[in-house]
Amino acid sequence: MKIVVVQIVLIYIVCMIDNNFELFMNMAFREANLAYQDEEVPVGAIVVFEDKIIGRGHNQTMQLHDATAHAEMIALSAAYNHFGDWRLENCDLYCTLEPCTMCAGAAVLSRINRIIYGAKDPKFGACGSIFNVPTEKKLNHRIEVISGIMENEISALMKQFFAEIRNKKEQIN
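Let us look at the structure shown here.

Quick notes on the overall build of the protein chain
Move 1: In terms of helices and strands, the protein chain carries five helices and five strands.
Move 2: The N-to-C order of helical and strand elements in the protein chain reads α-β-β-α-α-β-α-β-β-α.
Move 3: Here the protein chain holds 173 residues, and 41% of them are scored as buried.
Move 4: Taking all contacts inside the protein chain whose residues are at least 6 apart in sequence as the whole, residues at least 24 apart take part in 58%.
Move 5: Accessible area for the protein chain stands at about 10,200 Å²; split by element, carbon and sulfur atoms hold 56% of it.

What follows is the structure, encoded as structure tokens:
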């Protein structure tokens, strides 16, 4: 009888964790949609501490004329402001797209606990696709990486965005 109860509790906890991943990724996805509406590459990110969003951002590189204005960097900056410190220990970074080397490096330097992302980035990804910055043993901090949360929805938005960009270029030519 006790074994059954323990198994049910463990299943409930696993489901709760998965639901939180989807819940928070959905919030990052909302940020990605804001970028999409601004004709930016649709990437969104949030920073979560104790199940509360303390930082959010979406790509603004075109709008701000700033190559570093990635969703993750903006969300991390908002989280620094929340704490008044650059250390984000026990915080999770949710990103719709696999972070690049700059963003993964910033997460390591910030002491982020976990990076949870949706879709892989085969051209710039630094959480396993090209590089693996968060788990690099030579660095002083390592980050757990979880991928594939809402991957289909995020990939569809990215494909739609780049198809629209290609269509606009064809119309100009």
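Looking at the packing of helix α3 (residues 71-83) against helix α4 (residues 101-109)
Move 1: Where α3 contacts α4, the two axes come as close as 9 Å, and the packing angle between them is 20°. The angle between α3 and α4 falls in the class roughly parallel. Seen from above, α3 lies across α4 with left-handed handedness. Of α4, the residues touching α3 (which contributes E72, M73, L76 and Y80) are M102, C103, A106 and A107.

Here's the deal with the nonpolar core
Across soluble globular proteins, nonpolar side chains have a tendency to be buried as a group.
Move 1: With 45 residues, the main nonpolar core has M25, V47, L93, Y94, I112 and I115 as its most contacted residues.
Move 2: Among the elements of the structure, α1 (2-37), β1 (44-49), α3, β3 (91-97), α4, β4 (114-119) and α5 (151-172) are those that each provide at least two residues to this core.
Move 3: Ranked by the residues each element gives to this core, the list is headed by α1, at eight residues.
Move 4: The contacts of I112, once residues within four sequence positions are left out, are L76, L88, C91, D92, L93, A107, H141 and I143.

With respect to the packing of aromatic side chains
Each aromatic ring pair is described using two quantities: the centre-to-centre distance and the angle formed by the ring planes.
Move 1: A complete count under the given rule lists five aromatic pairs for this structure.
Move 2: Members of the aromatic cluster, each reached through a chain of ring pairs, are F21, F24 and Y94.

Focus: the side chain of D121
Move 1: Residue placement: D121 occurs in the loop between β4 and β5 (144-146).
Move 2: Among buried charged residues, D121 stands out as having no salt bridge; its nearest opposite-charge side chain is K123, 7.6 Å away.
Move 3: Contacts of D121, omitting those with residues within four sequence positions, involve L97, E98 and S129.

Structural notes on unusual backbone geometry
Move 1: Unusually for a residue other than glycine, E50 sits at a positive phi of about 50°.
Move 2: As for its position among the elements, E50 is in the loop between β1 and β2 (52-58).
Move 3: Residue classification places E50 among the exposed residues on the basis of a relative accessible area of 58%.
Move 4: Although it is not a glycine, M150 sits at a positive phi angle of roughly 60°.

Observations concerning α3
Move 1: Over its 13 residues, α3 extends 19 Å from the first C-alpha to the last, a length consistent with the 18 Å expected when each residue adds 1.5 Å.
Move 2: Three or more residues of α3 are buried, namely A71, E72, A75, L76 and A79. Angularly, the buried residues of α3 cover 125° about the axis, an arc narrow enough to put them on a single face.
Move 3: In this fold, the buried residues of α3 make contact with β1, β2, β3 and α4.
Move 4: Just beyond α3, the residue with positive phi is G84, at close to 70°.

Rules used in this analysis
Residues numbered from 1 in each chain as written. Predicted model: local features only at pLDDT ≥ 70, side-chain atom pairs only at ≥ 80, totals over all residues. Heavy atoms only, no water. Helix = DSSP H or I, 4+ residues; strand = E, 2+ residues; numbered from the N terminus. Buried < 20%, exposed > 50% of the residue type's maximum accessible area, 1.4 Å probe, protein only. Contact = heavy atoms within 4.5 Å. Areas by Shrake-Rupley, 256 points an atom, 1.4 Å probe, with all protein chains shown as cover. Axes fitted to C-alpha atoms, helices over the stretch in contact; angles between N-to-C directions. Parallel < 35°, antiparallel > 145°, perpendicular 65-115°, else oblique. Left-handed = near helix turned anticlockwise from the far one by under 90°. Core = buried A, V, L, I, M, F, W, Y, C linked by side-chain atoms within 4.5 Å. Phe/Tyr/Trp six-rings, centres within 6.5 Å; stacked < 30°, edge-to-face > 60°. Lys, Arg positive; Asp, Glu negative; His and termini not counted. Salt bridge = Lys/Arg side-chain N within 4 Å of Asp/Glu carboxyl O. Expected span 1.5 Å × (residues − 1). Arc of directions from axis to C-beta.

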